[in-house]
Amino acid sequence: MLVHIKDLVIPDMVGKFAYPAFNTQNLETTMGIIQAADGLNTPVIIEVSEGAVKYAGLTTIYEIMATLADSVKVPVALHMDHGKDMEQLRRGIELGFSSVMIDHSGLSTEENIRDTKAMVEFAHSHGAWVQGEIGKIRGSEDWVNVSDSEALLTDPDEAEQFYRATGVDTLAGSFGTVHGIIKIRGGVTPHVDVARINAIHQRIKVPLVLHGASGVDENVIHAAIEAGIAIINIDTELRLAYGESLRKSLADQPEEVDPRYIMKPVIEAVKKAAERKLLQFGTKNLIKQ
Ligand code: G3H
Ligand code: 13P
Ligand code: ZN
């Protein structure tokens, strides 16, 4: 069932469990995510990046996400991830995304506040939520050493100032994680600064979002949830499941030409990867309620 993100991310859940926000790019990834959520009877957030929109088309990917979300009983909310193009975010809101992330964290703090505030005004006038970002979350391409990376982490004072100036509904920060495959294949273990998350949570009661969370140890995830993380973004772990199972499926069935049979194990692998995260993030608490 397609729901607004505000129906999932309620103040009561913060500190207890987190929703995974899974990135999708196509039909099969979305099917795997939806089947995992449906099978565990666990609500989920599905999100799409600008790169995925460029690949699939905004309306096409939205319709795939919304149609599949509405094909199951379990609540599913749709979100636009890491938006730099404000016009595209506005189009997404008009289309039906209940939440968008404006990521102008690469600009100066003043410019980030200005643009995020404008996005919040537009989104709220259309009933949608906005996620802002303050601090710089590293990507595989800008991995730096630990002392340098400290400088990129979200400062609690700045987070409070950003929140109060913009009125965002959810807030992403740089808490030590890094986007992409590097922490899984690159042999580097990001240090998640749980104390920093807690310090921000104590100041501002806005649901916090942990990006770059693929491959992060389960105990660290639980500590981050207790400290105030309400949404955890996962892309790379699903991409890995997708890629590995597709390679195996093609190798196992070298004569097969029907995409439906080639893709069946891929959907299953994405489903299993998504299930692991849904269970790990404590969303299983919902099942008991
Ligand atoms: O945080 C970014 C997501 O993993 C999306 O990545 O921009 O390559 O689609 P992408
Ligand atoms: P990963 O690359 O760790 O899966 O992070 C995804 C993400 O943060 C999407 O916004
Ligand atoms: Zn991210």
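Here the structure is a predicted model, which means the values were calculated and not measured.

**Some points on a negative patch on the surface**
Stage number 1. Taken together, the side chains of E110, E111, D155 and E158 make up a negatively charged region of the molecular surface.
Stage number 2. The residue D155 is located in the loop between α6 (146-150) and α7 (156-166) in this model.

**Thoughts on the packing of aromatic side chains**
Stage number 1. Throughout the structure, instances matching the rule amount to two aromatic pairs.
Stage number 2. A cation over a ring is seen here: R90 above F122, with NZ or CZ 5.9 Å from the ring centre.

**A look at the layout of surface pockets**
Stage number 1. Taken as a whole, the largest pocket encloses approximately 660 Å³ of empty space.
Stage number 2. If you go around the largest pocket, you meet 33 residues; those closest to its centre are D81, H82, K84, D103 and H179.
Stage number 3. At the level of secondary structure, the elements contributing two or more residues to the lining of the largest pocket comprise α2 (50-56), β3 (76-83), β8 (229-234) and α11 (236-252).
Stage number 4. Of the residues contributing to the lining of the largest pocket, the split by class is four nonpolar, 16 polar and 13 charged.

**A word on the pairing of strand β5 (residues 129-134)**
Within a regular strand, side chains alternate between the sheet's two faces.
Stage number 1. Within β5, six of the six residues are buried, leaving the element largely enclosed by the surrounding structure.
Stage number 2. Because side chains alternate across β5, one face comprises the buried residues W129, Q131 and E133, and the other comprises V130, G132 and I134, equally buried.
Stage number 3. Pairing geometry for strand β4 (residues 99-102) and β5, over four bridges, is parallel. Following the sheet pairing, M101 is matched in β5 by Q131.
Stage number 4. Read from β4 through helix α5 (residues 109-125) to β5, the crossover connection turns out right-handed.
Stage number 5. Pairing between β5 and strand β6 (residues 170-173): four bridges, direction parallel. When the bridges of β6 are listed, I134 appears paired with G173.

**What to know about the side chain of E28**
Stage number 1. Residue position: E28 is located in helix α1 (residues 27-40).
Stage number 2. Notably, E28 is buried but unbridged: the nearest opposite-charge side chain belongs to R260, and the N-O separation is 9.6 Å.
Stage number 3. Ignoring anything within four residues of it in the chain, the contact list for E28 reads Y242, M263 and I267.

**Focus: the packing of helix α4 (residues 86-95) against α5**
Stage number 1. Running from N to C, α4 and α5 point in directions that differ by 20°, and their axes come no closer than 11 Å. What the angle tells us is that α4 and α5 run roughly parallel. The crossing of α4 and α5 is right-handed. Each of M86, L89, R90, I93 and E94 in α4 lies in contact with α5, whose residues at this interface are D115, A118, M119, F122 and A123.
Stage number 2. The class makeup of the residues in the contact of α4 with α5 is seven nonpolar, no polar and three charged.

**Some remarks on the site of ligand 2**
Stage number 1. D81, K183, S214, D235 and T236 are the nearest of the 15 residues found near ligand 2.
Stage number 2. Within the side chain of T236, an N or O atom sits 2.6 Å from an oxygen atom of ligand 2.
Stage number 3. Relative to its unbound accessible area of 310 Å², ligand 2 is 96% covered by the protein chains.
Stage number 4. The pocket occupied by ligand 2, as judged from atoms lying within 2 Å of grid points, is the largest pocket.
Stage number 5. Among the elements of the structure, β3 and β8 are those that each provide at least two residues to the shell around ligand 2.

**Here we look at the site of ligand 1**
Stage number 1. Contacts to ligand 1 come from N23, S49, D81, H82, H179, D235 and R239.
Stage number 2. A distance of 3.3 Å separates an oxygen atom of ligand 1 from a polar side-chain atom of H82.
Stage number 3. Out of a free accessible area of 300 Å², ligand 1 has 65% covered by protein chains.
Stage number 4. When atoms are counted within 2 Å of each cavity's grid points, the one that captures over half of ligand 1 is the largest pocket.
Stage number 5. In terms of residue class, the shell around ligand 1 is made up of no nonpolar, four polar and three charged.

Thresholds applied
- Residues numbered from 1 in each chain as written.
- Chains lettered and ligands numbered in written order.
- Predicted model: local features only at pLDDT ≥ 70, side-chain atom pairs only at ≥ 80, totals over all residues.
- Heavy atoms only, no water.
- Patch = residues over 30% accessible without salt bridge, like charges linked within 9 Å, V, L, I, M, F, W, Y side chains within 5 Å.
- Areas by Shrake-Rupley, 256 points an atom, 1.4 Å probe, with all protein chains shown as cover.
- Salt bridge = Lys/Arg side-chain N within 4 Å of Asp/Glu carboxyl O.
- Lys, Arg positive; Asp, Glu negative; His and termini not counted.
- Charge placed at Lys NZ, Arg CZ, Asp CG, Glu CD.
- Helix = DSSP H or I, 4+ residues; strand = E, 2+ residues; numbered from the N terminus.
- Phe/Tyr/Trp six-rings, centres within 6.5 Å; stacked < 30°, edge-to-face > 60°.
- Lys NZ or Arg CZ within 6 Å of the ring centre and 35° of its normal.
- 1 Å grid on protein atoms, 1.4 Å probe; cavity = no way out; pocket = protein on both sides within 12 Å on 5 of 7 lines; lining within 4 Å.
- Points joined across faces, edges and corners; volume = space filled by probe spheres on them.
- Nonpolar A, V, L, I, M, F, W, Y, C, P; charged D, E, K, R; others polar.
- Buried < 20%, exposed > 50% of the residue type's maximum accessible area, 1.4 Å probe, protein only.
- Pairing = 2+ DSSP bridges.
- Right-handed = clockwise from strand over helix to strand, strands pointing away.
- Contact = heavy atoms within 4.5 Å.
- Axes fitted to C-alpha atoms, helices over the stretch in contact; angles between N-to-C directions.
- Parallel < 35°, antiparallel > 145°, perpendicular 65-115°, else oblique.
- Left-handed = near helix turned anticlockwise from the far one by under 90°.
- Near = heavy atom within 4 Å.
- Polar contact = N/O pair within 3.5 Å; in protein donor to acceptor, adjacent residues only side chain to side chain.
- Sits in = over half its atoms within 2 Å of the grid points.

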